[in-house]
Amino acid sequence: MSSLKNIDRAEGVDLLVSFFDLTMFARYVRNRTAQDVFELLSDYYELVGDIIEGGNGKVVKFIGDAGLVVFSEDAVKEGVLALRKLKDAGDAWMAERDTPCRHRIKAHFGSVHCGKIGTRTVKQFDVFGETVNTAAVLQSNGLALTAQVFRKLDPATRKLFKKHTPPITYIPVEEAHEDR
């Protein structure tokens, strides 16, 4: 993902954009100390970073139990496989810590505008555009990909997913169809 690592000025690119969050997190942390929550999330963020960066992705930001990650166009397959790994390994990691939290992940592919943005003294990489908005509002009970992501996958990777409607998304073949 070298093309995104050193972006200093804003530019338009096509990316796999994914949001994730943890179900039941607010309820789980309600009776925990701030230090306990901080320590849990510190370890969790490292797990997420290892998985996403291992799939040639970039963690754009975390906010509490949620996050935004991106993968370049040439790493869509690796990105989708990393998102599946985040769902599976991340859910197992949460279960090992006796938390009821499970991942909800959604991904879309398309054009974004990205670059470093922020205050005069602190600028960080971020992404903007309709692709980001589409990923953010996508419905998911586990892992959901839009048709735009699915079309970027090779036939072998496509076999890991099945069509889920409406609207059309693709979910892992082992995941049950559940509408929210």
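Further up the page is the structure itself.
This text gives an overview of the structure that appears in the document. Position labels on residues start from 1 in each chain and follow its written sequence. Reporting in this predicted model follows two pLDDT cut-offs: at least 70 for local features of residues, and 80 or more for side-chain atom pairs to be given and counted; totals over whole chains, interfaces and linings ignore these cut-offs and use all residues. With hydrogens and water stripped out, all remaining heavy atoms of the structure feed into the side-chain values.

## Describing the overall build of the protein
Note the following rule: Think of it this way: any DSSP run of H or I at least four residues long counts as a helix, any run of E at least two long counts as a strand, and we number them from the N terminus. Buried means the residue's accessible area, taken with a 1.4 Å probe over protein chains only, is under 20% of the maximum for its type, while exposed means over 50%, and partly exposed covers the values in between. Only heavy atoms enter the contact rule, under which two residues are in contact if any of them lie within 4.5 Å. Shrake-Rupley sampling with a 1.4 Å probe provides the accessible areas, and residues are treated as covered by the protein chains on show and by no other component. Lys and Arg are tallied as positive, Asp and Glu as negative. Neither His nor the chain termini are counted. In plain terms, the charge of a residue is placed at NZ if it is Lys, CZ if Arg, CG if Asp and CD if Glu.
For the protein, the count of helices and strands is 7 helices and 8 strands. Considering the protein as a whole, with its 180 residues, one finds that 47% of them fall into the buried category. Partitioning the contacts of the protein with sequence separation of at least 6, the portion at a separation of at least 24 is 65%. When the accessible surface of the protein is split by element, carbon and sulfur atoms take 50% of a total near 9,700 Å². Distance between charge centroids for the protein: 4 Å, based on 25 positive and 25 negative side chains.

## A closer look at the side chain of Thr 131
Note the following rule: Under the rule applied, a polar contact is a pair of N or O atoms within 3.5 Å (in protein, one hydrogen donor and one hydrogen acceptor; residues adjacent in sequence only if both atoms are side-chain atoms).
As for its placement among the helices and strands, Thr 131 is situated in helix H5 (residues 130-137). A polar atom in the side chain of Thr 131 sits 2.9 Å from the backbone oxygen of Ser 111. Non-local contacts of Thr 131, meaning those with residues more than four positions away in its chain, are made with Leu 15, Val 17, His 108, Phe 109, Gly 110, Ser 111 and Val 112.

## Side note on H5
Quick note on the threshold: Think of it as the arc spanned by the lines of direction from the helix axis to the C-beta atoms.
Along H5, the positions that sit buried rather than exposed are Thr 131, Val 132 and Ala 135. All buried residues of H5 fall inside an arc of 100° around its axis, so they share one side. Among the exposed residues of H5, those oriented more than 90 degrees off its buried face are Glu 130 and Val 137. Buried-residue contacts for H5 involve strand S1 (11-22), strand S4 (103-118) and strand S5 (123-128).

## A closer look at the environment of Lys 85
Position of Lys 85 relative to the elements: it lies in helix H4 (residues 76-96). Considered as a pair, Lys 85 and Ile 52 are 33 residues apart in the sequence and their alpha carbons are 8.9 Å apart. For Lys 85, the residues in contact, after removing those within four places along its chain, are Ile 51 and Gly 90.

## Observations regarding a negative patch on the surface
Stated precisely, the cut-off is as follows: Patches in this entry comprise residues that are over 30% relatively accessible and not in a salt bridge; like charges within 9 Å are linked, as are nonpolar side chains (Val, Leu, Ile, Met, Phe, Trp, Tyr) within 5 Å. Think of a salt bridge as a Lys or Arg side-chain nitrogen and an Asp or Glu carboxyl oxygen that are within 4 Å of each other.
Residues Asp 36, Glu 39, Asp 43, Glu 46, Asp 50 and Glu 53 make up a contiguous surface patch of negative charge. In this fold, Glu 53 is placed in helix H3 (residues 34-54).

## With respect to the nonpolar core
What counts, and what does not: Nonpolar cores are built from buried Ala, Val, Leu, Ile, Met, Phe, Trp, Tyr and Cys residues. Side-chain atoms within 4.5 Å join them into one set.
Counting residues in each nonpolar core, the largest one holds 35 residues, and the members touching the most others are Tyr 44 and Leu 145. Per-element accounting of this core gives the leading share, 8 residues, to H3. Excluding residues that lie within four positions of it along the chain, Tyr 44 makes contacts with Phe 20, Leu 22, Asp 65, Trp 93, Met 94 and His 103. Grouped together as the second largest cluster of nonpolar side chains are 12 residues, Val 60, Val 70, Val 127 and Ala 135 included.

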